[in-house]
Amino acid sequence: MKKSLLILFLALFAFQGMAQERTVTGTVTDEDADSPLPGVSILIKGTNTGTITDIDGQYSISVPDAQSVLVFSYLGYASQERVVGNNSEINITLSSELEALSEVVVTAFGLEREKKALTYTVQDVSTRELSEARELNVMNSLSGKVAGLSINRSGSGVGGGTRVVLRGNRSISGDSQPLYIVDGVPANGIENLNPDDIESINVLKGPNAAALYGSRANNGAIVVNTKRGREGGFQVSVNTSYMFDQPLILANFQNVYGQGSNGNYAPGSEFSWGPRMDGSSVAHWSPDPNRPNDTYSFAPQPDNINDFYQTGHNLATTLAITGGNERNQTYFSYTYTDAAGVVPGNALGRHSINLRLTNKLSEKLTLDSKVNYIRQDIDNQLAQGENFSNPNRHIMRLPRNITTEDISDFEFINQNGLLRQNYFNPGSNGGANPYWTINRNLRKNTSDRIVAFTSLSYQLAEGLTVLGRAALDRSFGNSEEKLYNDSYIIAQNGRYSIGQSENMEINTDFLISYEKTLSQDWYFNINAGGNSRINRNSSLNSNTGQNMVVPNFFALTNTQQVVSTHGVGAPKDVNSLYSFAQLAWKNAIFLDITARNDWSSTLPKDNWSFFYPSVGLNAVVSDLVQFPEWFTFAKVRGSFAEVGNDTSPYQLQRTAAFAAGGLGGYLSLSTTLPNENLLPETTQSIELGGDFRFLDNRLGVDFTYYKTNSFNQLFTVALPVGSGASSFFTNGGDVQNEGIEVVLNITPIRKANFNWNITANFARNISMVNEINDQRPSIVVGSDFLRQFRVEEGKMFGEVYSRGYLRDDQGRVIVGDNGVPRTTPGFTVRVANYNPIWLGGIQNSFNYKNFRANFTIDFRQGGSIASLTNAIIYADGMTEETLQGRDGGLVFGENFMAHETAVRETEDGTFVPNDIETTAELFWVNMGGRNAPIGEVFSYSATNVRLREAVIGYTIPAAKLEGLPLNSVSINFVARNLFFFLNEAKNIDPDVTVGTSAAAQGFDSFGPPTARSFGFNVNLGF
């Protein structure tokens, strides 16, 4: 009954809106040329409903009521708004105006400011492509579009995280990622926000732009403003996107030699160094006693790896409803996302409900409230890297003779009635049937996130406003893992695990603002406010251990001893007071001053208060000096900022933990000694820049130079044996980032029926570690089988060290008696650094009548990566690179690896040119493998150029929709990551890393194949 009443109510509401609908027509012309303007966008304000003018500058649009407002906009022209009223015809004349003079961006605390008045660098991103060529993670859509922004995807499949870095790494042991701001409030990431709800994205670069947001913004801030209701009638829009994800396997697998070693077939081997695959009959590899055949044909299987992967998809549909009047506006949306990755079983389902209410309670009091609920379920999020549950690891090592039909039959029941894995090397320490991992190593992760705020704004007097706001960002997570018995090494007897987690951030703040025009030339505004931030989190995890009583009965009671851990989290409280002001003269010269003081609970009481200021000056020179007509606009700016930062909790006292063991467990102390005199970290930044426009805004250049230094960084220093601890937490260090950024806008063609616009960005950053500590000039941030990721004094941030060739005094490679190079015993050779020489991107946008197209090309020049993937699959004999020298005859430095100069040592200790022959198997097995791979051999340039995004769309003219219940229809073909123009890493995608930590940069280890996505988007307005 209630459901029927709701449907009836909505139907009446819709009928009422339709009853007031009317068609408005008109013509849009160019004021200067007195000619029609085709391709002008006409949008009903506050909705997605709109149309564009035809070749004669004419348009027709259906509007819901007389209160509707039409927004007319065209690139290079000043936008205009018109209330429909009783008019059935509205003709508009647009005049050329600089975007730099009229563009408004969202900055600190959600405040809007003219872009020309800013004293620091802000780059805005078009949100249209976010919802058309959509990604599951919103941040991935920004690749190639923002100067100085580096984005890396984790290899965990659909729903995986990203690492985002602006203007280089700063923190030695902490986080160098930017702060996310949603509707003026700090948020714990935006990766699962609905793109259709996003009104604008502005990237505030560096401490100068984000000084007022506090310590977390010393790496910059990404500011998101979401949609709200608008005045006008009841509007409904439906946006649907369907993207296909096609796996793009970059490695070239050989199809000549099969399973075995030394040219001999071995059915239990995990290597492909066996004999040639000639189709002869050989013993079957399967341990399954029930198999029908004992032999099979030893023949190449070129598709056995391709067959494992599937075509993924991303289906997203958003229903958005907006409406309101002068006093009350409402925005509501619901989005359902269904996605599947290229690895079978890896799937995501997401529900997002968003409601925002804006109410003018009186002439002076306004209430703004929002609640966004996001429910996300991820099945079988991929294990990464060397984790033995990573299916990519196992499928890429599959010998070249194993058929898909045989390996996909992944399990059997043995003579004892037990479930067993069907694998050619049972009990392997490092191998597994890939189909077993996706069907019998199961994970489910569920998260519920609530993002909400409410704010009251009251105008105390003319120009004087006070704002109070409270915001909540709270997430609840549940996880479940089922590992079946016979999962080699990780769970030989099976294991069942469940977990719960909670993460919460509460922000309450106030802001008092006053603005006044002092005279015709002078204007100022001043603001003062405060913020209280509370962070709380906790976790609880339990598992059966590896002693399940009944095989594969997944319950915590199915064990003799449950193993549980309870994490009390990392609580933090930060209280802040701040003020900022701007003084403007002739609306051309702007002086900004900010000041902020934080009190952090993670620092000692004597040092928990830290103050930091910023100052910026900006001059619109073209408003002060008469330039030639072709020189349209000029602005120069400069700023200085200082930003403080605290540390993580529990660094002031030595912590203890209870651990299982003995009869009642035992107490273990932290191995790191605390420091009662910790100081806050400090980042100082200077920035200089200019914005210049020419030829009636057809050419624009925005240039920025910056330098930041982060002092008093927090890290550990090793202690001597016998001290009772292994390290000591202390301050030190100076990490410097210096660079330039250029954003170029060009309009080569601006005709009556055709427009072509180019936006290009370029960024070069040098990240240097000037100083660390006298006691510790080098810090190992992360390590694995292949390499160590270090931060070293006097070197670039993120040096990667590994084992390398042993060389003589002249740098020549010393070859052993077996013809294979000798190698260093430890991580002593620098092999890589992921920092690029420069980053860039080019967007080409075309508009022709009702057609539009947008193409984004992403550039990365320089930097290098180390590949554990190649170290292992080359040692396994899997790739075409391992074909040379299978029968011997390789002479290192001569007909093999000829770019190296190789020598051998004679009996008298002298070195002579190498002439010892070796085999491919001997070389690659010694250089690669899992236990001691030689990183110098498996490091590659990260330089690549790719077509990152393509959108080709058509908007049906409003005149053709007359008589239909539709106001607007747009159809788009969309694609992402279509192909590489250049990829010097060849079989590696430099974008994909193992996790999102600092040490993950430049590390490749069995990530999923690069996904080439294409599909369509349809947007309907009612």
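Each chain has its residues counted from 1, running along the sequence as written. Note on the predicted model: pLDDT of at least 70 is required for a residue's local features to be given, and 80 or more for side-chain atom pairs to be given and counted; whole-chain, interface and lining totals, by contrast, use all residues. Neither water nor hydrogens contribute to the side-chain values; these are computed over all heavy atoms in the structure.

A.B. asks: Hey, could you run me through the pattern of salt bridges in this one?
C.D. replies: The rule for a salt bridge is simple: a side-chain nitrogen of Lys or Arg has to be within 4 Å of a carboxyl oxygen of Asp or Glu. For the coordinates displayed, the defined rule picks out 53 salt bridges. D696 is the partner of R750 in a salt bridge, and the nearest nitrogen-oxygen pair spans 3.3 Å. A residue pair is termed long-range when its members are at least 10 positions apart, and R750 in strand β41 (residues 727-750) and D696 in the loop between β39 (681-694) and β40 (699-718) qualify at 54 residues. With a relative accessible area of 14%, R750 lands in the buried category. Here K795 ties to E792 by a salt bridge, and the two come within 3.3 Å at their closest N and O atoms. According to the relative accessible area criterion, E792 is buried, its value standing at 10%. Through salt bridges with shared partners, a single network forms among R153, D858, R946, R948, D989 and D991. Going along the chain from the N terminus, every DSSP run of H or I of four or more residues is numbered as a helix, and every run of E of two or more is numbered as a strand. With a 1.4 Å probe rolled over the protein chains alone, any residue whose accessible area is under 20% of its type maximum counts as buried; one over 50% counts as exposed, and the rest are partly exposed.

A.B. asks: Explanation requested: unusual backbone geometry in the structure shown.
C.D. replies: Most peptide bonds are trans, and most residues other than glycine sit at a negative phi. Here the phi dihedral of I489 falls at roughly 65°; this positive angle occurs in a residue that is not glycine. Locating I489 in the fold gives a position in the loop between β28 (464-483) and β29 (495-517). Despite not being glycine, N587 has its phi angle at roughly 50°, a positive value. Structurally, N587 is set in the loop between β32 (572-585) and β33 (589-600).

A.B. asks: So what exactly am I meant to see when it comes to the packing of aromatic side chains here?
C.D. replies: Each aromatic ring pair is summarised here by two numbers: the centre-to-centre distance and the angle between the ring planes. Between 30 and 60 degrees the pair is tilted, below 30 it is stacked and above 60 it is edge-to-face, where a pair is any two Phe, Tyr or Trp rings, Trp via its six-membered ring, whose centres lie within 6.5 Å. Under the criterion given, the structure shown has 35 aromatic pairs. Between Y265 and F298 the ring centres are 5.1 Å apart and the planes differ by 70°, which places this aromatic pair in the edge-to-face class. Note that Y265 is positioned in the loop between β18 (232-248) and β19 (280-283) and F298 in strand β20 (residues 295-298), a separation of 33 residues in sequence. Note on Y265: relative accessible area 22%, which makes it partly exposed. Ring centres 5.5 Å apart and planes at 20° place the aromatic pair W756 and F846 in the stacked group. Taken together, the positions of W756 in strand β42 (residues 754-771) and F846 in strand β49 (residues 838-848) put the pair 90 residues apart, joining distant regions of the chain. Here the aromatic residues Y805, Y874, F892, F896, F923, W924 and F938 are joined through ring pairs into a cluster of three or more. The cationic tip of R790 hangs over the ring face of Y801; the distance from NZ or CZ to the ring centre is 4.1 Å. Both a distance and an angle decide whether a charge sits over a ring: NZ of Lys or CZ of Arg must be within 6 Å of the ring centre and within 35 degrees of the ring normal. The ring of Y834 has R860 sitting right over it, with the charged end atom 3.8 Å from the ring centre.

A.B. asks: So what exactly am I meant to see when it comes to the nonpolar core here?
C.D. replies: Soluble, globular proteins show a tendency: their nonpolar side chains are buried together. Among the nonpolar cores identified, the biggest contains 62 residues, and F892, W924, M927 and F938 are the most heavily contacted of them. Mapped onto this core, the elements with two or more residues apiece are β20, α7 (434-440), β47 (813-815), β51 (864-867), α8 (868-875) and α9 (920-927). With five residues, the top contributor of residues to this core is α8. By definition, residues are in contact when any of their heavy atoms lie within 4.5 Å. The residues touching M927, leaving out its near neighbours within four places in the chain, are Y805, V820, P821, T823, P933, I934, V937 and F938. Buried Ala, Val, Leu, Ile, Met, Phe, Trp, Tyr and Cys residues form a nonpolar core when they are joined through side-chain atoms within 4.5 Å.

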